[in-house]
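Residue-level structure breakdown
Here are the chains, one letter per residue:
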Amino acid sequence: MSPEEFRRHGYQIIDWIADYQSRLESLPVLSRVAPGQVRAGLPAEPPVTGEGFDGVLADLDSVIVPGLTHWQHPSFFAFFPANATGPSILGDLLASGLGVQGMLWATSPAATELETLMLDWLARLLDLPAGFRSDSAGGGVIQHSASDAALVALVAALHRVSGGATETDGVGAGRYCVYTSGQTHSSVEKACRIAGIGTAALRKLDVDPDTLAARPAHLAELLAADVAAGRTPALVVASVGATGTGALDPVAELAELAHRYGAWLHVDAAWAGVAAVCEELRWINAGVELADSYCTNPHKWLLTNFDCTAFWVADRSALISALSILPEYLRNSATESGAVIDYRDWQVPLGRRFRALKLLTVLRWYGAEGLQAHIRSHVALAQEFASWVAADSRLELLAPHPLALVTFAVRAGDEAGRQLLAAVNASGQAYLTHTVVNGRFAIRMAIGAVLTERRHVRAAWQAICDLLPAAASGSDQDASG
């Protein structure tokens with residue numbers, strides 16, 4: 001592809017993306033294709049000769065788009081948001097065009113130094129402890145996802161608690177334990193599997209039935225019991241914005257217990273952490289100054305497209321010692337000087353993309369005020385939606401909702417809730433997901449898409465009211481006004 005061909009087709013692609021974004025609202029949120037339908041719509045064999053881009057764009061419209069669940073749709077209220085914005089897309093395009101492999105400082109100094117600066121900027125914007133910034137013993141790095149952050153936190157924790165023995169002797173030489181809330185993301189359990197300590201090493205903490213936050217008293221019991229049995233506590237994970245309900249664990253209390261027993265305290269704030277860009281929401285940082293590591297995802301709720309997880313450590317030495325391997329072909333004078341950061345030592349893979357560019361384009365385009373307005377608008381919409389639920393006698397709020405996630409149930413019972421969720425999603429008007437709260441089937445309304453306005457939330461509410469099963473019929477369905 002010549003530069004002129006690239007220019008011409010690049011314009012086509014940008015136009016296509018802009019058109020897609022402008023017509024998103026007219027599309028059903030949830031894909032309606034049957035299993036195998038997308039594959040059947042495309043050629044069974046690869047082309048022998050090149051075909052150009054016209055066929056690709058035609059397939060996008062006729063086959064690919066109908067097979068998509070539209071995460072950027074203004075009525076996407078499922079899971080958590082996966083923001084993708086113009087500035088971020090353009091930043092990612094720049095990174096793709098440059099084709100930088102930023103595994104070492106020496107392989108592209110700008111990639112490393114920009115990433116270090118962006119993590120420092122973000123730490124300041126979120127008012128995180130100074131110990132997480134690069135001018136301290138700690139520092140930040142961009143991981144693929146919060147799952148990667150949980151895994152490297154566990155590897156660093158195992159290194160520290162074993163005195164480095166896990167790098168040479170493996171984890172089989174010890175009996176290590178990990179502790180987290182039953183509300184915490186499944187990534188912690190997966191990290192236990194990948195790290196080789198197994199899911200039997202994972203302890204699920206009881207939660208307070210009202211706040212759904214982890215109970216420190218239960219952690220204290222488990223830690224004492226494991227130590228008495230000859231096991232070694234390695235990692236405690238506190239959630240700030242648990243996936244199912246948005247629960248916020250008491251970080252300071254969990255950290256105090258973790259450190260008393262020599263364990264690492266990791267804070268998973270994947271979705272909620274970015275809310276601290278707003279001064280009035282910085283209460284969610286309570287206790288974070290005691291954490292050994294912390295992560296939050298700009299690619300969820302901070303206008304940055306996937307993948308971009310911000311991960312900080314208070315002391316980078318354990319992380320680097322656990323993950324650093326320096327074969328001869330990677331040796332260079334900059335690394336050996338000790339004056340630079342080599343991010344290959346902060347992650348699982350060797351190679352890494354120039355992801356800091358999209359964080360740069362987002363932060364410079366929106367600024368702190370734009371980011372704050374984005375978060376505040378969704379928090380306000382969630383509070384309004386929660387007020388409608390609270391005023392409807394057929395429904396019941398099941399969890400606190402201080403941010404932009406509202407968890408509720410149908411009073412008529414779990415089956416009525418399942419029917420309602422299925423009907424709303426099948427209608428194409430909105431997409432919501434579910435969880436289980438204190439044994440009850442619950443519906444999650446997660447507000448966070450870039451294009452979402454009050455009218456979309458109001459339309460989702462109206463669909464809920466219209467589609468409530470007959471068994472749940474009652475009054476006050478128009479409480480929203």
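Above: the structure in question.
Residues numbered from 1 in each chain as written. Predicted model: local features only at pLDDT ≥ 70, side-chain atom pairs only at ≥ 80, totals over all residues. Heavy atoms only, no water.

1. Describing the side chain of Thr-335
- Among the secondary structure elements, Thr-335 is positioned in helix α13 (residues 333-337).
- Apart from the residues within four sequence positions on either side, Thr-335 is in contact with Leu-104, Leu-326, Val-340 and Asp-342. (Helix = DSSP H or I, 4+ residues; strand = E, 2+ residues; numbered from the N terminus. Contact = heavy atoms within 4.5 Å.)

2. Some points on the packing of aromatic side chains
- Inspection of the entire model under this criterion finds 14 aromatic pairs.
- Its guanidinium or amino end placed over the ring of Phe-80, Arg-444 lies 4.9 Å from that ring's centre, counting from NZ or CZ. (Phe/Tyr/Trp six-rings, centres within 6.5 Å; stacked < 30°, edge-to-face > 60°. Lys NZ or Arg CZ within 6 Å of the ring centre and 35° of its normal.)

3. Some details on the pattern of salt bridges
- Using the criterion set out here, one finds 24 salt bridges in the structure.
- Between Arg-352 and Glu-115 there is a salt bridge, with its nearest N and O atoms 2.6 Å apart. In this pair, Arg-352 sits in the loop between α13 and α14 (356-391) while Glu-115 sits in helix α5 (residues 109-125), placing the two residues 237 residues apart along the sequence. Each of the two residues, Arg-352 as well as Glu-115, counts as buried.
- Between Arg-418 and Glu-415 there is a salt bridge, and its shortest N-O distance comes to 3.7 Å. Of this pair, Arg-418 and Glu-415 both sit in helix α15 (residues 414-427), three residues apart, roughly one helical turn.
- What makes Arg-418 partly exposed here is its relative accessible area of 39%. (Salt bridge = Lys/Arg side-chain N within 4 Å of Asp/Glu carboxyl O. Buried < 20%, exposed > 50% of the residue type's maximum accessible area, 1.4 Å probe, protein only.)

4. Digging into the sheet that holds strand β9 (residues 405-410)
- With antiparallel pairing, the four strands of this open sheet are ordered in space as β8-β9-β11-β10. Of all the strands in the sheet, the pair left with one neighbour each is β8 (395-397) and β10 (433-437). Direction aside, the axes of adjacent strands within the sheet are offset by 40° on average.
- For β9 and strand β11 (residues 440-446), the ladder comprises four bridges, and the chain directions are antiparallel. Bridge pairing links Phe-408 to Ile-443 in β11.
- Contacting β9, β10 and β11, α15 crosses the sheet at an angle of about 30° to β11. (Pairing = 2+ DSSP bridges. Axes fitted to C-alpha atoms, helices over the stretch in contact; angles between N-to-C directions.)

5. Quick look at the packing of α5 against α14
- Remark: α5 packs on α14, axes separated minimally by 10 Å, with the N-to-C direction vectors making an angle of 25°. In terms of their interaxial angle, α5 and α14 are classed as roughly parallel. You can see that α5 and α14 cross each other, and the crossing is left-handed. Across from Leu-114, Glu-115, Met-118, Trp-121 and Leu-125 in α5, the residues of α14 making contact are Ala-356, Leu-357, Leu-359, Leu-360, Leu-363, Arg-364, Ala-368 and Leu-371.
- The residue makeup of the contact of α5 with α14, split by class, is eleven nonpolar, no polar and two charged. (Parallel < 35°, antiparallel > 145°, perpendicular 65-115°, else oblique. Left-handed = near helix turned anticlockwise from the far one by under 90°. Nonpolar A, V, L, I, M, F, W, Y, C, P; charged D, E, K, R; others polar.)

6. Re the pairing of strand β4 (residues 232-239)
- Counting buried positions over the eight residues of β4 gives seven, a clear majority of the element.
- Pairing geometry for strand β2 (residues 176-181) and β4, over five bridges, is parallel. Pairing of Tyr-179 across the sheet is with Val-236, part of β4.
- Bridge analysis of β4 against strand β5 (residues 264-268) gives five bridges, and the strand direction is parallel. Paired with Val-236 across the bridge in β5 is Leu-265.

7. A short note on helix α10 (residues 251-260)
- Among the residues of α10, those classed as buried are Val-251, Leu-254, Ala-255, Leu-257 and Ala-258. Down the axis, α10 shows its buried residues gathered within 165° of arc, on one side only.
- At the C-terminal side of α10, Gly-262 shows a positive phi close to 80°. (Arc of directions from axis to C-beta.)

8. Topic: α14
- Here α14 spans only 45 Å end to end across 36 residues, well under the 52 Å set by a 1.5 Å rise per residue.
- Along α14, the largest kink reaches about 90° and is centred on Gly-367. (Expected span 1.5 Å × (residues − 1). Bend = angle between axes of the 7 residues up to and from the residue.)

9. Quick look at the sheet that holds strand β6 (residues 293-296)
- One open sheet accounts for seven strands, arranged β1-β7-β6-β5-β4-β2-β3; its pairing is mixed. Two strands lie at the open edges of the sheet, namely β1 (139-143) and β3 (202-205), each paired on one side alone. Going from strand to strand, the sheet's axes swing by 20° on average, the running direction of each strand aside.
- Of the pairings in the sheet, the one linking β2 to β3 comprises four bridges and is parallel in character. Each bridged residue has a counterpart across the sheet, and for Val-178 the counterpart in β3 is Leu-202.

10. Some points on the environment of Ser-293
- Position of Ser-293 relative to the elements: it lies in strand β6.
- On a C-alpha basis, the gap between Ser-293 and Trp-264 in space is 8.1 Å, while along the polypeptide they are 29 residues apart.
- Filtering out sequence-adjacent residues up to four positions away, Ser-293 remains in contact with Ala-153, Trp-264, Leu-265, His-266, Val-267, Phe-311, Trp-312 and Val-313.
- Here the side chain of Ser-293 touches Trp-264 through a polar contact of 2.8 Å, side chain to side chain. (Polar contact = N/O pair within 3.5 Å; in protein donor to acceptor, adjacent residues only side chain to side chain.)

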